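Chain and residue survey
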Amino acid sequence: MIEIIPALDLIGGECVRLRQGDYAQKTVYSHNPLDVAKSFQDSGIRRLHLVDLDGARTGQIQNLAVLESIASNTALRIDYGGGINTDAAIESVFSAGAEIATVGSIAIQIPELFIAWIKKYGADRILLGADVKNERLAIHGWKEITSLYIFDYLKQFVDSGLKQFFCTDVAKDGLLEGPSVDLYQRLISAFPKMEIIASGGVMSIEDINTLDSTGCAGVIIGKALYEGRISLDQLKSYLP
């Protein structure tokens, strides 16, 4: 059964969402991320996708205090990403309470470092964030579209032991137009042993049902939750 993973995106310590990754199109949903995280936990959610958008933009972790607060005041399994690009950075994230480190841009820029982290910490503690537009990878908080195609890119890491990754279609994210089901179907077919997590465009419980039947291991939900298009009550059949 697909795992429900709410996204909590951070800018300046606040819970926000961006439209198509555009920092100029920001909506603030809460000034207190801990309260949001607790509400998820109270509803039966067990995992949280915590995104440091400041870190993704600057290349340096900026919201570690929020991670520490949520990790010390909830029992949520937290995967944290944004600005993790050095040994010291990934250590700080684990020390602050994250169970999983989400890595994106650095895996493109220094793949050997990313592979070393898989071997050092174990594949269960490393999540590759693969953001795409027209199947090409987007980096630095989606500001730059590379020439790397997602299928070629992922193969090198699967061969090195990667077990889990999420793929966000930037063209879909924050628009509530439905997820890129066809892309996920092809990824699952190409990498059948991987845990593939869908992200971006989810707008209804029907979308989650479709992704579940497609074989996705998890789904990251953001705007649809915050704007009430999907209620926590609707998700109960997918919660432990």
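Below, the structure is looked at part by part. For every chain, the first residue of the written sequence is number 1, and numbering continues from 1 along that sequence. Local features in this predicted model are restricted to residues of pLDDT 70 or higher, and side-chain atom pairs are both shown and tallied only at a pLDDT of 80 or more, whereas totals for entire chains, interfaces and linings draw on every residue. The side-chain numbers reported here are obtained from all heavy atoms of the structure, hydrogens and water having been left aside.

1. Looking at the state of the cysteines
Criterion for a disulfide: a pair of cysteine sulfur atoms at a distance within 2.5 Å. Throughout the structure, instances matching the rule amount to zero disulfides. Cys 167 provides the cysteine sulfur closest to Cys 216, a residue in no disulfide bond, and the two sulfurs are 9.6 Å apart.

2. Some thoughts on the packing of helix 7 (residues 150-158) against helix 8 (residues 181-190)
Structural elements are reduced to axes, namely lines fitted to C-alpha atoms, with helices fitted over the stretch in contact, and the angle between N-to-C directions of any two is expressed from 0 to 180 degrees. Labels follow the DSSP assignment, with helices taken as runs of H or I lasting at least four residues and strands as runs of E lasting at least two, numbered in each case from the N terminus. At a minimum axis separation of 11 Å, helix 7 and helix 8 run at an interaxial angle of 35 degrees. Helix 7 and helix 8 meet at a crossing whose hand is right-handed. In this structure, helix 7 uses Ile 150, Phe 151 and Leu 154 to contact helix 8, whose residues at the interface are Leu 183, Arg 186, Leu 187 and Ala 190. By the convention adopted, Pro, Cys, Tyr, Trp, Phe, Met, Ile, Leu, Val and Ala count as nonpolar, Lys, Arg, Asp and Glu as charged, and the other residues, Gly among them, as polar. Across the contact of helix 7 with helix 8, the residue classes break down as six nonpolar, no polar and one charged. When the near helix sits turned anticlockwise from the far one by under a right angle, the crossing is termed left-handed; a clockwise turn instead gives a right-handed crossing. For this analysis, residues touch if any pair of their heavy atoms sits within 4.5 Å.

3. Quick notes on the pattern of salt bridges
Criterion for a salt bridge: a side-chain nitrogen of Lys or Arg within 4 Å of a carboxyl oxygen of Asp or Glu. A complete count under the given rule lists eleven salt bridges for this structure. Between Asp 124 and Lys 163 there is a salt bridge, and its shortest N-O distance comes to 2.8 Å. Of this pair, Asp 124 sits in the loop between helix 6 (111-121) and strand 7 (126-133) while Lys 163 is found in the loop between helix 7 and strand 10 (164-169), placing the two residues 39 residues apart along the sequence. A simple rule labels every residue: compare its accessible area, found with a 1.4 Å probe on the protein chains alone, to the largest value its type can have, and call it buried under 20%, exposed over 50%, or partly exposed in between. Given the relative accessible area of 35%, Lys 163 is considered partly exposed. Its salt-bridge partner being Asp 182, residue Arg 186 comes within 3.1 Å of it at the nearest N-O pair. Of this pair, Arg 186 and Asp 182 are both found in helix 8, four residues apart, which corresponds to roughly one turn of the helix. Since its relative accessible area comes to 47%, Asp 182 is described here as partly exposed.

4. Structural notes on helix 9 (residues 205-214)
Buried residues of helix 9: Ile 205, Asp 207, Ile 208, Leu 211 and Thr 214, and no others. After helix 9 finishes, the residue Gly 215 shows a positive phi value of roughly 110 degrees.

5. Overview of the packing of aromatic side chains
Any Phe, Tyr or Trp ring, taking Trp's six-membered ring, that has another such ring centre within 6.5 Å forms a pair; planes under 30 degrees apart are called stacked, those over 60 apart edge-to-face, and the others tilted. Within this structure, the stated rule accounts for six aromatic pairs. Seen from their ring centres, Tyr 153 and Phe 157 are 5.2 Å apart, and the 85 degrees between their planes marks the pair as edge-to-face. Of this pair, Tyr 153 and Phe 157 both sit in helix 7, separated by four residues, roughly a single helical turn. Here Tyr 153 falls in the buried class, since its relative accessible area comes to 3%. Given the relative accessible area of 0%, Phe 157 is considered buried. In textbook terms, an aromatic cluster arises when at least three aromatic residues are bridged by ring pairs, as seen for Tyr 29, Phe 40 and Tyr 226. Either the NZ atom of lysine or the CZ atom of arginine qualifies as a charge over a ring when it sits within 6 Å of the ring centre and within 35 degrees of the ring normal. For the cation-ring pair, Arg 125 lies above Phe 94, with the distance from its terminal atom to the ring centre recorded as 4.0 Å.

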